[in-house]
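The primary structure of each chain is shown beneath.
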Number of protein chains: 2
Amino acid sequence: MDPDLIRRLSIPGESKVLLCVLDGLGGLPGPLGRSELESADCRHLDRLATDGALGQTIPVGHGITPGSGPGHFALFGYDPLVYEVGRGVLEGTGIDIELQPSDLAARGNLCTVDADGRISDRRAGRVATEVTAELAAELSTIELPGCEVVVHAVREHRFVLVLRATEGSLPLSDAISETDPQAEGVPPLDAVATGPEGEHTAALVNQFAREARARLAGRETANAVLLRGWSTLPDLPQLPELWKLRAAAIAVYPMYRGLARLVGMDVLDAGESFETAVARVRAAWDDYDFFFLHYKPTDAAGEDGDFARKRQALRDFDACVPELLALNPNVLIVAGDHSTPAMMAAHSWHPVPLLLWGDNVRTDASHHFDEGECSVGGLGTIPAKELLPLAFAHAMRLAKFGA
Amino acid sequence: MDPDLIRRLSIPGESKVLLCVLDGLGGLPGPLGRSELESADCRHLDRLATDGALGQTIPVGHGITPGSGPGHFALFGYDPLVYEVGRGVLEGTGIDIELQPSDLAARGNLCTVDADGRISDRRAGRVATEVTAELAAELSTIELPGCEVVVHAVREHRFVLVLRATEGSLPLSDAISETDPQAEGVPPLDAVATGPEGEHTAALVNQFAREARARLAGRETANAVLLRGWSTLPDLPQLPELWKLRAAAIAVYPMYRGLARLVGMDVLDAGESFETAVARVRAAWDDYDFFFLHYKPTDAAGEDGDFARKRQALRDFDACVPELLALNPNVLIVAGDHSTPAMMAAHSWHPVPLLLWGDNVRTDASHHFDEGECSVGGLGTIPAKELLPLAFAHAMRLAKFGA
């Protein structure tokens, strides 16, 4: 997707596009020689395959295994190699922090240092989340000149530090080094500017680390902090502006809400389950043109290496398809942010199955939604970032290029 | 392949990747309507196709017929349109000359000039290689200020001139014109600088040509030189550094050894036949992570327009497959640098069959390794430069991109 081209060609309309992202959708053959999708009984998806067209997406590049961030940005139309989002921002995104353009975020660890100030445990014995929450509240009271400090507990020893430049102050920069030496037996590092624009921020960060040390000095463990993944909000062209539409994100897990928020979608309350998420889509149907609906169980089962559970998760999604079709979307897409083969128990680089159904689709010979049929489907194998232009074209929301 | 991305994501490991390049692999249907591969009985490759996945590579671009250099660079992961290697360097590479970064190489012809200095035969009657070797030795004694001169006979009237800047001297530049007018009845041209950085080199080259003229003045034929294809060693990111591995090249023919050397592979002695080459792979198996094994007979037969011999060459390679499999590679690739259809008796632009077998391969429906099945194989049709990222991903040597 070329943002300038999309801005130029996109047109408003009445049509509705529903993008269902089955996290970690693609798989590999299991012990019986068939993949999760190949062996799942997904009759509704198969019907969509029959009436629609199949293909594959390459999330980042051949052989490149994407994290959730790059995988979703690609599906949202952004080249993940161009629009890279830093670790700190992603971690904040993952716990529903609403970051602002003036924010600098870092991933933090509580760690334990000995009497000589040397790290004896980088993870502070994986201290309980509740303790981290208490200490985060304490660290959030640290005052720095020209910026607000907020520390958010994540889980166990992990937290997110957000520094927010106050109005009229010097801007914060991610051009600073990490304070985590990634080793024990040595003291935490000072942050050092990696460019002149980072000098002001490095001084603030070192002041924060010293203050944190002082506040935690009475503790045996979890008595210091390590900071890494400094990042600011990326300058992403916003999806509603690019495409001239209203976009809604419905996701049970915060990471995916956060990613959608970064590209300008409205984040709706999805409730606690996929059923409540689907109900939320229905309730909001009249208010938006584009819906991003996220489904996590496929990836969760794949990451756990649980072939049978991933297959069941596919069936469970399939069971919801009639309810989604009842909304009468003009274009319905079933895609994945990456493959998570249960046989690998991890994200992988393999192409991701793709299904496009709805108005103006050139149907192909497919009858079953699986890796094999997708690899020879009529849509071909396309970079994931090209999916939205394809979808909105089918929804008649892209004008002709040239006369 | 984006070198910076690969540097960032590549990880060391214990896995082994074996890249078999069947030179000129792809073909076209012969008189009976089937291609060389389609009509060859390659049962071992078919077995690999059944257990692995097929696809096609596009070496340079659609419709672009590659030479050996670009064809191999693409398979090694380099965009051949970005990393162009000049003719002089390639010619030197083809006769096993080890060039250095300070070298300037040119392809040379011995030619015959008449009493007025006009070229009467651009190829000096295709003078015998032995004579060229003698004259090359004589021309190598020419002394130029600030650079060494070595002339290497190639075959018949052809030679390679290497100028090597001595330490502390002005660097040599390829920004000079050719002295070969590509016509007879006119005198050889003077080299002219095509940019200010070429002026010093143009003067040296013209001095060399005058000296050569003087040394050869007593001869009736082969009494002057023509020089073209000026080139210096390209600045290629080195494969072992990019991928964090040890890479070995095993090739009977010098051109392919030279190409591998240019990207930093260790060149092993392959002996005189493919059998000795395979034995060399086996002997070196513990010492390397990546093996490039080159097989020439497919291309040689194709270039000769000998359909039956190319088919036989495919069978002969097939017979070696069990020995290669016995090495237990984690990933085995059978690829080609380009197609050389016997029906065309030349390199061609057609996509090249590709077979990927080993760990983590998403098997497809293929059962026969040929152009037809490859064109609908599960790997799809990919730029050849994407092959190595794909292969090393399967070998678990690429980390995840983003969180």
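Residues numbered from 1 in each chain as written. Chains lettered and ligands numbered in written order. Predicted model: local features only at pLDDT ≥ 70, side-chain atom pairs only at ≥ 80, totals over all residues. Heavy atoms only, no water.

What follows covers the overall build of chain A. Counting its regular elements, chain A contains 14 helices and 13 strands. Burial statistics for chain A: of 403 residues in total, 57% are counted as buried. Within chain A, residue pairs in contact and separated by at least 24 positions form 74% of the contacts whose partners lie at least 6 positions apart. Of note, chain A has its 35 positive side-chain charges centred 2 Å away from the centre of its 57 negative side-chain charges. (Helix = DSSP H or I, 4+ residues; strand = E, 2+ residues; numbered from the N terminus. Buried < 20%, exposed > 50% of the residue type's maximum accessible area, 1.4 Å probe, protein only. Contact = heavy atoms within 4.5 Å. Lys, Arg positive; Asp, Glu negative; His and termini not counted. Charge placed at Lys NZ, Arg CZ, Asp CG, Glu CD.)

Moving on to the pairing of strand β11 (residues 331–335) of chain A. For a regular strand, side-chain orientation follows a simple rule: the groups alternate between the two sheet faces. All names here are of chain A. Of all five residues making up β11, five are buried, and the element is well covered by its neighbours. Residues of β11 alternate between two faces, with Val331, Ile333 and Ala335 on one and Leu332 and Val334 on the opposite face, all of them buried. Relative to β11, strand β1 (residues 17–22) is paired through five bridges, and the arrangement is parallel. From the neighbouring strand, Leu19 faces β11, where its bridge partner is Ile333. Of the pairings in the sheet, the one linking β11 to strand β12 (residues 352–358) comprises four bridges and is antiparallel in character. The residue bridging Ile333 from the neighbouring strand is Leu356, located in β12. (Pairing = 2+ DSSP bridges.)

Applying a rotation about an axis and a shift along it to one chain copy brings it onto the other copy. Superposing chain B onto chain A requires a rotation of 123 degrees together with a translation of 0.3 Å along the rotation axis, leaving an RMSD of 0.2 Å. When the rotation and shift are considered jointly, the pair of chain copies conforms to a three-fold rotation axis. Relative to the rotation axis, the C-alpha of B:Val376 is the closest in chain B, positioned 3.6 Å from it. Little of the interface of chain B is mirrored in chain A, where only 4% of its interface residues again form contacts. (Least-squares fit on C-alpha atoms with pLDDT ≥ 70 in both.)

On to the nonpolar core, then. Residue and element names in this part refer to chain B. Tyr78, Leu239, Trp243, Met265, Phe290, Phe292 and Ile333 are the most contacted members of the largest nonpolar core, which totals 61 residues. If you tally residues by element for this core, the top one is helix α14 (residues 387–394), at six residues. Residues in contact with Met265, not counting those within four places in the same chain, are Phe76, Leu239, Ala247, Ala248, Ala249, Ala260, Phe290 and Phe292. (Core = buried A, V, L, I, M, F, W, Y, C linked by side-chain atoms within 4.5 Å.)

Strand pairing within a sheet occurs via backbone hydrogen bonds; the two strands may be parallel or antiparallel. Residues and elements named next belong to chain A. With respect to topology, eight strands assemble into an open sheet ordered β9-β8-β10-β1-β11-β12-β2-β13, the strand pairing being mixed. In this open sheet, the two strands that pair with only one neighbour each are β9 (266–268) and β13 (380–383). Going from strand to strand, the sheet's axes swing by 25 degrees on average, the running direction of each strand aside. Those strands touched by helix α4 (residues 68–75) are β1, β10 (290–295) and β11, and its axis lies near 155 degrees from that of β1. (Axes fitted to C-alpha atoms, helices over the stretch in contact; angles between N-to-C directions.)

Residues and elements named next belong to chain B. Counted residue by residue, strand β6 (residues 158–165) has six buried out of eight residues, so it is predominantly covered. Of the strand pairs in this sheet, strand β3 (residues 103–113) and β6 are connected by seven bridges, and their pairing is antiparallel. Bridge pairing in β6 links Arg107 to Val160. Across eight bridges, the pairing between strand β5 (residues 147–155) and β6 is antiparallel. When the sheet's bridge partners are listed, Glu148 is paired in β6 with Arg164.

Now for the sheet that holds strand β1 (residues 17–22) of chain B. Residue and element names in this part refer to chain B. What the eight strands build is an open sheet, ordered β9-β8-β10-β1-β11-β12-β2-β13; its pairing is mixed. With partners counted over all chains shown, the strands left at the sheet margins are β9 (266–268) and β13 (380–383), one partner each. On average, adjacent strands in this sheet sit at an angle of 25 degrees to one another, irrespective of strand direction. Bridging between strand β8 (residues 247–250) and strand β10 (residues 290–295) involves four bridges; their strand directions are parallel.

All names here are of chain A. Within the secondary structure layout, Gly88 lies in helix α5 (residues 87–94). The class for Gly88 is buried, based on a relative accessible area of 0%. Each C-alpha atom of the pair Gly88 and Phe290 lies 28 Å from the other, and the pair is 202 residues apart in sequence. Once residues lying within four places of it in the same chain are set aside, the contact partners of Gly88 are Ala105, Ala106, Arg107, Val160, Gly229 and Ser231.

Let us look at helix α9 (residues 254–262) of chain B. Along an α-helix, residues three or four apart share an orientation, since each turn contains 3.6 residues. Residue and element names in this part refer to chain B. Within α9, burial applies to Tyr256, Arg257, Gly258, Leu259, Ala260 and Leu262. Residues of α9 that are buried sit in contact with α4 (68–75), α5 (87–94), β8, β9 and β10. Trailing α9 by a residue or two, Gly264 shows a phi angle of about 95 degrees, which is positive.

All names here are of chain B. Taken as a whole, this structure holds 49 salt bridges over all chains when the rule is applied. The partner of Asp96 in a salt bridge is Arg257, and the shortest N-O contact between them spans 2.6 Å. Here Arg257 lies in helix α9 and Asp96 lies in the loop between α5 and β3, a separation of 161 residues in the sequence. With a relative accessible area of 15%, Arg257 lands in the buried category. (Salt bridge = Lys/Arg side-chain N within 4 Å of Asp/Glu carboxyl O.)

Contacts between the two partners involve 23 residues from chain B, matched on the other side by 29 residues from chain A. Summing both partners gives a buried area of about 2,000 Å² for chain B against chain A, and 63% of it is carried by carbon and sulfur. On inspection of chain B and its partner chain A, the count reaches one salt bridge. For B:Arg8, the salt bridge goes to A:Glu84, with nearest N and O atoms at 2.5 Å. Secondary-structure elements contributing two or more residues to the side of chain B that touches chain A are α1 (3–9), β13 and α14 of chain B. It is α14(B) that provides the largest number of residues to the side of chain B that touches chain A, a total of four residues. Taken together, the residues of the side of chain B that touches chain A sort by class into 14 nonpolar, five polar and four charged. (Buried area = accessible area lost by both parts, 1.4 Å probe. Nonpolar A, V, L, I, M, F, W, Y, C, P; charged D, E, K, R; others polar.)

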